[in-house]
Amino acid sequence: MIVINDNGCIKCRACEGACPTSAIDATGRKIVYCDTCGDDPKCADICPNGALTVDYLSIEEDKDDVIRLVFNALKCDECGKCTDVCPQGTLTMTGDEKMPVSGFCVMCQQCVDVCPIDIIGIPGIVEPESITYDIEGKGAIYIDGCVGCGSCVEFCPAEAIVLDEIGQSIAIDDTKCIKCGVCSQTCPWNKVFISEKVPEKRTKEIAEFTFDQESCIGCNTCVEACPGNFINPVGSNLSVKVPESCAACGLCVNLCPVDALSIAVEWGDAKPADAEGLGRDAEKCDFIGACALKCPTEAIRVVTKTGMEVPKQVEVGGEPDFASCIRCGGCAASCPNGALNVGSIELEIDGEMVFKDRIEFNPSKCDECGDCIDACPYDMLHKSEKPNLPIAGFCTLCGQCITACPEDALCYK
């Protein structure tokens with residue numbers, strides 16, 4: 001059976017594109033694929049007509065044979081029993097006369113061959129890689145082996161990313177960076193890490209990937225530049241073959257000297273650090289400041305309609321305003337003593353129990369060096385006069401602000 005270790009998956013979806021029977025879906029957070037039910041496929045057992053059957057394939061002489069599924073469309077009456085029992089949900093009825101059922105693994109191994117980071121394999125024959133990232137202790141901004149494709153640059157809301165030359169590493173201005181994590185979620189190759197977090201990758205679709213053979217000069221620049229080895233040279237006519245699916249970084253397009261390649265990518269939504277945790281309905285908020293007064297760690301700052309800043313209770317004037325810690329983790333990644341840490345808390349949101357990031361603080365480890373204050377892009381962290389809370393301004397998602405709000409403007413999200 002095929003095994004996919006998707007903990008390090010870059011969501012290039014090359015495996016999905018290479019699968020001839022649509023047995024892989026890499027669009028979600030977890031990759032869904034046919035694993036032949038652990039070598040005991042339920043679809044073959046239940047098929048009343050023998051349209052789906054089990055076969056054995058010898059991949060290497062000194063290794064055990066592996067199971068594959070064989071489908072005979074002539075025997076299929078489209079009863080749908082196979083799709084009903086499929087535990088992974090990969091089997092579907094297509095309505096296609098030639099292939100009325102899809103989503104079963106024929107062990108063609110194309111997904112194994114195409115994966116650029118080798119996380120797909122066959123146990124006992126081709127062991128899948130288990131990707132881990134050495135990011136602990138690397139700080140709030142860590143760039144490791146950037147290929148210089150530039151995909152992240154246009155999506156940075158703070159315009160903090162600079163790419164001087166295509167193919168060279170990006171640089172991130174830490175005085176501008178707001179630690180939202182959008183660049184990390186966008187990076188096609190998992191080379192950028194914000195606040196020591198392994199990102200949940202954005203979805204993307206290749207809307208168009210074209211190659212103009214008449215313009216191609218056979219230089220193979222794209223072949224050599226592709227970090228995933230997706231592009232193959234065609235020596236017979238000095239051209240190349242572009243893939244149907246790849247990481248869609250566009251490096252090949254940007255480096256082609258004759259503009260023979262073109263790509264259009266449709267990106268899914270990113271999840272910036274403030275997209276989850278504490279939500280605020282701006283229309284309901286009356287800028288009273290009850291939430292800021294109730295917060296035990298001073299992680300909320302409100303400027304009231306009278307120009308009073310709460311909880312400091314100082315006159316600042318200006319328009320009403322609300323600001324809070326978004327738990328981006330920049331402070332924790334910058335703390336040299338481990339006094340600040342990104343933890344998690346289980347919350348009930350819309351009837352479902354989910355885990356959300358929170359900031360945890362151990363005052364016994366804090367030496368009040370101020371590194372966390374300098375790292376906070378939202379100017380929320382500050383020194384406190386409380387002996388048991390030398391540093392304040394971080395959100396623990398305790399929820400006290402939510403219960404204190406008289407307008408019900410705050411909630412978990």
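These figures come from a predicted structure and were not determined experimentally.

J.: Looking at this model, I keep getting lost on the sheet that holds strand β19 (residues 308–310). Mind explaining?
T.: Strand pairs in the sheet, formed through backbone hydrogen bonds, run parallel or antiparallel to each other. Read from one edge of the open sheet, four strands run β20-β19-β18-β21, paired in antiparallel fashion. Two strands lie at the open edges of the sheet, namely β20 (314–315) and β21 (321–324), each paired on one side alone.

J.: When you look at the pattern of salt bridges in this model, what are you seeing that I'm missing?
T.: Pairs may arise between side chains of opposite charge once their charged atoms sit close together. One pass over the full model with this rule turns up 10 salt bridges. With a closest N to O distance of 3.4 Å, K138 and D134 form a salt bridge. Classification of D134 by relative accessible area gives exposed; the value is 58%. For D357, the salt bridge goes to K197, with nearest N and O atoms at 3.6 Å. One end of the pair, D357, is in strand β23 (residues 352–361); the other, K197, is in the loop between β12 (192–194) and β13 (204–211), and 160 residues separate them in sequence. Put simply, R13, E16 and E205 are held in one network by salt bridges that share partners.

J.: Which parts of the structure should I look at to understand the packing of aromatic side chains?
T.: Geometrically, a pair of aromatic rings is defined through the distance of the ring centres and the angle of the planes. For the coordinates displayed, the defined rule picks out six aromatic pairs. Each ring, one from Y133 and one from F193, has its centre 5.2 Å from the other, and the planes form 50°; the classification is tilted. Highlighted residues: Y133 in the loop between β8 (120–121) and β9 (141–143) and F193 in strand β12, separated in sequence by 60 residues. Taking relative accessible area as the criterion, Y133 reaches 23% and is therefore assigned partly exposed.

J.: Mind showing me how you'd approach the environment of Q185 here?
T.: Its location among the elements puts Q185 in helix α6 (residues 182–186). Judged by relative accessible area, which is 9%, Q185 ranks as buried. Through-space distance from the C-alpha of Q185 to that of V198 is 8.7 Å; in sequence the pair is 13 residues apart. Not counting residues within four places of it along the chain, the set of residues in contact with Q185 comprises C180, P199, E200, K201, R202, A270, K271 and P272.

J.: Before we go on, may I ask you to explain the pairing of strand β18 (residues 300–303) in this structure?
T.: Each regular strand displays side chains that alternate between the two surfaces of the sheet. Pairing of β18 with β21 involves four bridges; the strand directions are antiparallel. What sits directly across from V303, in β21, is D321. Two elements, β18 and β19, share two bridges in a ladder whose sense is antiparallel. For V303, the partnering residue across the bridge sits in β19 and is E309.

J.: What is the right way to look at the side chain of K11 in this model?
T.: The topology assignment puts K11 in the loop between β1 (3–4) and α1 (14–18). Look at K11: it is buried, it has no salt bridge, and the nearest opposite charge is D6 at 5.1 Å. At 2.8 Å, the side chain of K11 and the backbone oxygen of G28 are in polar contact. Aside from chain neighbours lying at most four places away, what touches K11 is A26, G28, R29, K30, I31, K201 and K204.

J.: Mind showing me how you'd approach the nonpolar core here?
T.: A general trend in soluble globular proteins is that nonpolar side chains are found buried together. Membership of the largest hydrophobic core comes to 38 residues, with the highest contact counts inside it found for I300, L340 and L410. When residues of this core are traced back to their parent elements, those giving at least two are α9 (290–294), β18, β21, α10 (330–334), β22 (340–349), β23, β25 (389–392) and α12 (400–404). With sequence-adjacent residues up to four places away left out, I300 is seen in contact with L278, C291, A292, C295, V310, P311, F322, A323, S324, M380 and C401. Grouped together as the second largest cluster of nonpolar side chains are 36 residues, F71, C105, V106 and I131 included.

J.: What's the story with the environment of G121 in this structure? I'm lost.
T.: Position of G121 relative to the elements: it lies in strand β8. On the basis of relative accessibility, which here comes to 0%, the residue G121 falls in the buried class. Note: C-alpha distance between G121 and M1 (120 residues apart in sequence) is 8.5 Å. Apart from the residues lying within four places of it in its own chain, the contact partners of G121 are M1, I2, V3, V112, V126 and P128.

J.: What is the right way to read the environment of A207 from this model?
T.: With respect to the helices and strands, the residue A207 is situated in strand β13. In the structure, A207 is positioned 165 residues away from C372 in sequence and 42 Å away in space, judged by C-alpha atoms. With residues up to four places along the chain from it excluded, the contact list for A207 reads A264, V265 and E266.

J.: Would you explain a negative patch on the surface in this entry?
T.: A cluster of like negative charges, contributed by D77, E78, D96 and E97, occupies part of the molecular surface. Assignment of secondary structure puts D77 in the loop between β5 (66–71) and α4 (81–85).

J.: What is the right way to look at unusual backbone geometry in this model?
T.: Of all residues except glycine, most have a negative phi; of all peptide bonds, most are trans. Along the chain, V310 connects to P311 via a cis peptide bond; the corresponding omega equals 20°. The topology assignment puts P311 in the loop between β19 and β20. Its identity is not glycine, yet R13 carries a phi of approximately 65°, on the positive side. Among the secondary structure elements, R13 is positioned in the loop between β1 and α1. Although it is not a glycine, E298 sits at a positive phi angle of roughly 55°. Within the element layout of this structure, E298 appears in the loop between α9 and β18.

J.: What is the right way to read the side chain of S151 from this model?
T.: Relative to the elements of secondary structure, S151 occurs in the loop between β9 and β10 (161–162). One polar contact links the side chain of S151 to the main-chain carbonyl oxygen of C249, over a distance of 3.2 Å. Residues contacting S151, with those up to four places away along its chain left out, are T186, P188, A248, C249 and W267.

J.: Which parts of the structure should I look at to understand the state of the cysteines?
T.: Covalent bonding between the sulfur atoms of two cysteines defines a disulfide. The full count for this structure, using the stated rule, is zero disulfides. As a non-bridged cysteine, C146 has C152 as the owner of its nearest cysteine sulfur, 6.4 Å distant. You can see C249 has no disulfide; the closest cysteine sulfur is in C149, sitting 4.8 Å from it.

Calculation criteria
- Along every chain, residues carry numbers that run from 1 in the direction the sequence is written.
- Only residues with pLDDT of at least 70 are given local features in this predicted model, and only at 80 or more are side-chain atom pairs given and counted; all residues enter the totals for whole chains, interfaces and linings.
- Note: side-chain values were computed over all heavy atoms of the structure, leaving out hydrogens and water.
- Being paired, for any two strands, means DSSP has found at least two bridges between them.
- Helix and strand definitions follow DSSP, with helices as H or I runs of at least four residues and strands as E runs of at least two, each counted in order from the N terminus.
- The term salt bridge refers to a side-chain nitrogen of Lys or Arg lying within 4 Å of a carboxyl oxygen of Asp or Glu.
- When a residue's accessible area, from a 1.4 Å probe over protein chains only, is under 20% of the maximum for its type it is buried; when over 50% it is exposed; and in between it is partly exposed.
- In summary, the pairing rule links any two rings of Phe, Tyr or Trp, Trp by its six-membered ring, whose centres are within 6.5 Å, and it sorts them by plane angle into stacked for under 30 degrees, edge-to-face for over 60 and tilted for everything else.
- By definition, residues are in contact when any of their heavy atoms lie within 4.5 Å.
- The charge count treats Lys and Arg as positive and Asp and Glu as negative. His and the chain ends do not count.
- Contacts described as polar in this section are N or O atom pairs within 3.5 Å, which, within protein, must combine one atom able to donate a hydrogen with one able to accept it, while residues neighboring in sequence count only if both atoms come from side chains.
- Working definition of a nonpolar core: buried Ala, Val, Leu, Ile, Met, Phe, Trp, Tyr and Cys residues. They are joined through side-chain atoms within 4.5 Å.
- Nonpolar side chains (Val, Leu, Ile, Met, Phe, Trp, Tyr) are joined into patches within 5 Å and like charges within 9 Å, using only residues with over 30% relative accessible area and no salt bridge.
- Per-residue accessibility takes into account occlusion by the displayed protein chains alone, with areas from the Shrake-Rupley method and a 1.4 Å probe.
- Lys charges are placed at NZ, Arg charges at CZ, Asp charges at CG and Glu charges at CD.
- We call a pair of cysteine sulfur atoms a disulfide when they lie within 2.5 Å.

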